[in-house]
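Coordinate analysis (summary)
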Protein chains: 2
Amino acid sequence: VSKSDAATKEIVTRGVIEIVPEQEFVDVLRSGRKLRLKLGLDPSKPDLHIGHAVLLRKLRLLQDMGHQVVLIVGDWTAQIGDPSGQSVQRPMLTADEVKANAETYMRQFFHVVDRDKTEVRWQSEWFGGFTLADVVRLAARFTVAQMLQREDFRQRFEAHQPLGIHELLYPLLQAYDSVAVQSDVEFGGSDQLFNMLVGRELQQEMGQRPQIVFTMRLLTGTDGAQKMSKSTGNTIDLEDPPGEKYGKVMSIPDSALMDYLELATDVGDEELAYIRKQLEERSVNPMEIKKRLAREIVAMFHGEAAAREAEAAFERVIQRGGTPGEDEVTVFPFSFSRQYKALGDNRFKMAPILVDAGLAGSMSDARRLIDQGAVELMVGQGNIRIGEPIWQLRSGDTLRVGKHRFLRIVDADRETKTS
Amino acid sequence: VSKSDAATKEIVTRGVIEIVPEQEFVDVLRSGRKLRLKLGLDPSKPDLHIGHAVLLRKLRLLQDMGHQVVLIVGDWTAQIGDPSGQSVQRPMLTADEVKANAETYMRQFFHVVDRDKTEVRWQSEWFGGFTLADVVRLAARFTVAQMLQREDFRQRFEAHQPLGIHELLYPLLQAYDSVAVQSDVEFGGSDQLFNMLVGRELQQEMGQRPQIVFTMRLLTGTDGAQKMSKSTGNTIDLEDPPGEKYGKVMSIPDSALMDYLELATDVGDEELAYIRKQLEERSVNPMEIKKRLAREIVAMFHGEAAAREAEAAFERVIQRGGTPGEDEVTVFPFSFSRQYKALGDNRFKMAPILVDAGLAGSMSDARRLIDQGAVELMVGQGNIRIGEPIWQLRSGDTLRVGKHRFLRIVDADRETKTS
């Protein structure tokens with residue numbers, strides 16, 4: 001097996017669920033033709049985490065081979081949102097919000113993807129001038145039955161749950177994006193397979209070379225169970241500081257180790273096989289592998305020195321029971337007198353504070369953390385478990401949330417008075 | 001029963017299949033509120049016949065009571081047509097064709113409907129500026145399941161026949177017309193019931209008073225069997241000359257007599273009941289009733305004198321075997337040397353000539369007329385039956401088609417030379 005064949009094999013397997021059609025992709029990769037690699041950006045979800053990085057690193061790898069990334073900002077769809085208002089995941093955004101979110105997204109995106117080999121296109125370039133006639137002509141190319149082949153559509157239709165007519169239009173719009181940018185390959189999660197194949201079909205109908213479709217695996221969250229997502233609060237964000245990235249990686253269950261190594265690092269396939277064997281034979285302490293994983297991930301985004309430093313801090317605070325360094329603590333100032341409605345004697349409902357500080361994904365997550373005793377007040381050598389939904393806080397209190405995360409409470413009123 | 005009650009009763013029953021909701025219509029009629037009566041004009045079908053007149057006369061009656069007709073020219077839909085190209089009934093028209101057809105339609109329309117109490121609106125007023133966002137918001141108001149309640153949609157969907165996504169949009173567009181013109185009552189055939197009810201629902205959703213829906217009966221064609229339509233060639237056109245109208249009415253079967261009297265004349269309900277009784281008891285010759293019907297119809301469009309004249313001509317030519325007057329003959333000039341490819345000795349295929357002269361609705365209709373011996377060459381006292389598909393013609397020949405229609409063949413080449 002030549003070096004180039006091995007590289008090709010890694011491209012078509014690592015983190016990949018399916019390539020349609022795979023042989024065509026292999027052939028076109030060997031042909032040396034420069035490919036346009038399409039990825040859609042949803043401006044309603046501006047935060048990137050290492051779950052996304054799997055896909056971004058695939059794009060970067062292909063860029064380094066000379067291919068062109070085309071990033072499509074879904075500004076038009078985001079501004080329309082889901083007019084039925086049934087889906088929380090598709091809120092309507094103003095033009096300013098879309099712009100701000102897209103900038104946030106791209107700032108993170110270009111930590112991994114090469115900006116110089118990326119063409120950024122805004123959906124409104126082509127949809128802004130779309131007329132009713134354009135919509136009708138586009139809609140005429142597909143039948144109701146074709147759209148109802150999409151699993152979630154069919155299930156809802158058959159279960160007599162409402163399926164809006166506009167929802168049938170969205171896959172067509174995403175498909176039209178592929179036509180507008182003359183996409184050669186589109187990337188997405190497995191939930192995008194249907195829409196991407198509609199793009200392939202539409203391109204063919206409109207006389208273009210049909211795009212190849214690339215579905216990528218999704219990394220599980222730090223809980224090792226659910227999909228990594230902001231709403232579940234189980235993400236490792238691209239912009240988390242090094243210590244937080246390190247700590248979050250250390251919190252994943254051992255069962256998720258191999259997946260993280262395969263999808264989130266550049267550790268080679270051969271070495272992966274070796275590590276898997278070691279873990280199966282129990283000839284290595286999983287904690288050591290996890291530290292290697294955490295180092296790899298921190299180093300990828302912040303460099304080797306930051307990785308070593310994060311590891312040292314982790315060993316000091318967590319493994320040897322020391323106090324966290326100032327850089328490992330999230331500082332969360334709020335007005336004791338005006339925010340969170342103190343219930344007398346500075347007693348606060350804890351759940352909304354944990355959510356707003358970014359330590360819980362939702363109110364129910366926050367309540368679960370409290371119920372499970374995972375929130376503690378750090379006092380000298382021992383910690384006090386905060387098992388109650390309401391707790392008395394003092395400015396300067398440090399809370400420990402889970403094993404590896406620390407929150408410093410600051411009364412913004414006092415800060416203002418003293419400064 | 002007061003006179004006004006009787007008038008209301010006639011409005012809500014004569015020619016009516018269904019009013020949804022009927023009581024609401026009766027109440028609003030009594031309230032004295034001025035109503036906006038919506039009717040859609042399909043510019044791909046510019047020819048009006050007395051089958052349409054049933055509906056037009058209902059509009060006229062309501063206008064005379066003070067209400068306002070809103071005629072919507074479907075110019076936008078006609079220009080888009082059916083992009084799937086599957087339906088012959090929805091050809092795509094140019095803007096010029098739409099304009100010309102709409103003018104033809106309106107010229108006929110205003111033979112019956114009062115022009116001064118009619119507001120003409122063009123669909124493109126509101127759809128010309130429709131954006132993709134407008135379409136998505138409109139589409140979001142209805143579900144796929146709702147649209148599949150339409151009988152023809154459901155049948156095609158269940159039979160696995162293609163149902164284009166754009167086809168689900170058309171009822172929404174027609175519904176939006178109702179919103180745009182703030183329709184109070186919409187009129188249409190029974191095939192329009194679903195679309196009109198969608199309009200009612202959309203108006204309600206968009207905060208308007210929902211329109212009342214009026215489905216009207218369709219008059220059968222002169223064959224007494226099929227729906228009156230140009231494609232079947234069984235129409236009595238609003239612009240047919242008096243003699244032709246009279247003759248066509250006389251050709252309907254006796255079984256269609258009562259329907260024609262009810263739907264196409266103003267003969268009162270009481271008198272209708274009396275005639276029905278006479279016919280059932282065979283105490284009257286149906287031919288006499290038919291002549292009354294023909295007189296009524298001709299008089300409605302051309303006045304009493306024209307009606308008497310048409311009757312006299314009919315009696316002379318048809319009933320007593322005379323020759324037709326010049327005004328009863330359709331003159332059809334064509335170039336013997338360049339049109340219809342003469343097959344030697346001025347022998348012509350007869351079917352296309354009958355179609356183009358307007359005496360047959362289609363080639364198959366024309367062939368059937370010939371096969372049945374319904375086409376004759378008039379020569380002096382006796383006629384020669386043209387039973388062959390190909391026939392030798394001379395300029396000046398008069399053909400009799402069916403009982404009551406006459407066609408004069410003219411060689412346009414000779415006309416040109418002599419003039």
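See the structure shown above.
Attention here is on the structure that accompanies the text.

So, how was this worked out
Residues numbered from 1 in each chain as written. Chains lettered and ligands numbered in written order. Predicted model: local features only at pLDDT ≥ 70, side-chain atom pairs only at ≥ 80, totals over all residues. Heavy atoms only, no water. Axes fitted to C-alpha atoms, helices over the stretch in contact; angles between N-to-C directions. Helix = DSSP H or I, 4+ residues; strand = E, 2+ residues; numbered from the N terminus. Parallel < 35°, antiparallel > 145°, perpendicular 65-115°, else oblique. Contact = heavy atoms within 4.5 Å. Nonpolar A, V, L, I, M, F, W, Y, C, P; charged D, E, K, R; others polar. Phe/Tyr/Trp six-rings, centres within 6.5 Å; stacked < 30°, edge-to-face > 60°. Buried < 20%, exposed > 50% of the residue type's maximum accessible area, 1.4 Å probe, protein only. Buried area = accessible area lost by both parts, 1.4 Å probe. Salt bridge = Lys/Arg side-chain N within 4 Å of Asp/Glu carboxyl O. Polar contact = N/O pair within 3.5 Å; in protein donor to acceptor, adjacent residues only side chain to side chain. Pairing = 2+ DSSP bridges.

**Notes on the packing of helix H13 (residues 257-264) of chain B against helix H14 (residues 269-280) of chain B**
For any two helices packed against each other, one specifies the inter-axial angle together with the distance between the axes. Residues and elements named next belong to chain B. Two elements in contact, H13 and H14, have axes whose closest approach is 11 Å; the angle formed by their N-to-C orientations is 175°. By the angle class used here, H13 and H14 are roughly antiparallel. Two secondary-structure elements touch here, H13 through Leu 257, Met 258, Leu 261 and Glu 262 and H14 through Leu 272, Ile 275, Arg 276 and Leu 279. Looking at the contact of H13 with H14 residue by residue, the classes come out as six nonpolar, no polar and two charged.

**Focus on the packing of aromatic side chains**
For the structure on display, the rule yields 31 aromatic pairs over all chains. Where Phe334(A) meets Phe336(A), the ring centres are 5.0 Å apart and the plane angle is 25°; that geometry is what we call stacked. Assessed through its relative accessible area of 5%, Phe336(A) is described here as buried. A centroid spacing of 5.8 Å and a plane angle of 45° characterise the contact between Phe332(B) and Phe334(B), whose relative ring orientation is tilted. Across the pair, exposure class does not vary: Phe332(B) and Phe334(B) are buried alike. Through a chain of ring-to-ring contacts, the aromatic side chains of Trp76(A), Trp126(A), Phe127(A), Phe130(A) and Tyr176(A) assemble into a single cluster.

**Observations concerning the interface of chain B and chain A**
Each partner contributes to the interface: chain B provides 31 residues, whereas chain A provides 31 residues. Buried area between chain B and chain A, both sides added, is near 2,600 Å², and the carbon and sulfur share of it is 87%. The three residues of chain B that bury the most area against chain A are Leu132(B), Val144(B) and Ile165(B), which together make up 28% of that side's buried surface. Remark: the boundary between chain B and chain A carries zero salt bridges. There are four residue pairs in polar contact (both at pLDDT 80 or more) connecting chain B and chain A. Listed by contribution, the elements that provide at least two residues to the side of chain B that touches chain A are helix H4 (75-80), helix H7 (132-139), helix H8 (144-147) and helix H10 (165-181) of chain B. At seven residues, the largest contribution of residues to the side of chain B that touches chain A is made by H10(B). Each residue belonging to the side of chain B that touches chain A can be placed in one class, and the counts come to 25 nonpolar, five polar and one charged.

**Looking at the sheet that holds strand E5 (residues 185-189) of chain B**
Residues and elements named next belong to chain B. Across the sheet, six strands lie side by side as E1-E6-E5-E2-E3-E4; this open sheet has mixed pairing. Among the strands making up the open sheet, the edge pair consists of strand E1 (16-20) and strand E4 (118-122). Taken over all neighbouring pairs, the strand axes of this sheet differ in orientation by 25° on average, direction set aside. The sheet contact formed by E1 and strand E6 (residues 212-216) spans four bridges and is antiparallel. The residue of E6 that forms the bridge with Glu 18 is Thr 215. Where helix H11 (residues 193-205) meets the sheet, it contacts E1, E5 and E6, and its direction lies at approximately 170° from that of E6.

**Observations concerning the sheet that holds strand E5 (residues 185-189) of chain A**
Residues and elements named next belong to chain A. Strand order across the open sheet formed by six strands is E1-E6-E5-E2-E3-E4, with mixed pairing between neighbours. Each having just a single partner strand, strand E1 (16-20) and strand E4 (118-122) make up the two edges of the open sheet. Within the sheet, the average angular offset between the axes of one strand and its neighbour, ignoring direction, is 25°. Both strand E2 (residues 36-41) and strand E3 (residues 68-73) contribute to a ladder of six bridges, which runs parallel. Its bridge partner lying in E3, Lys 38 is registered against Val 70.

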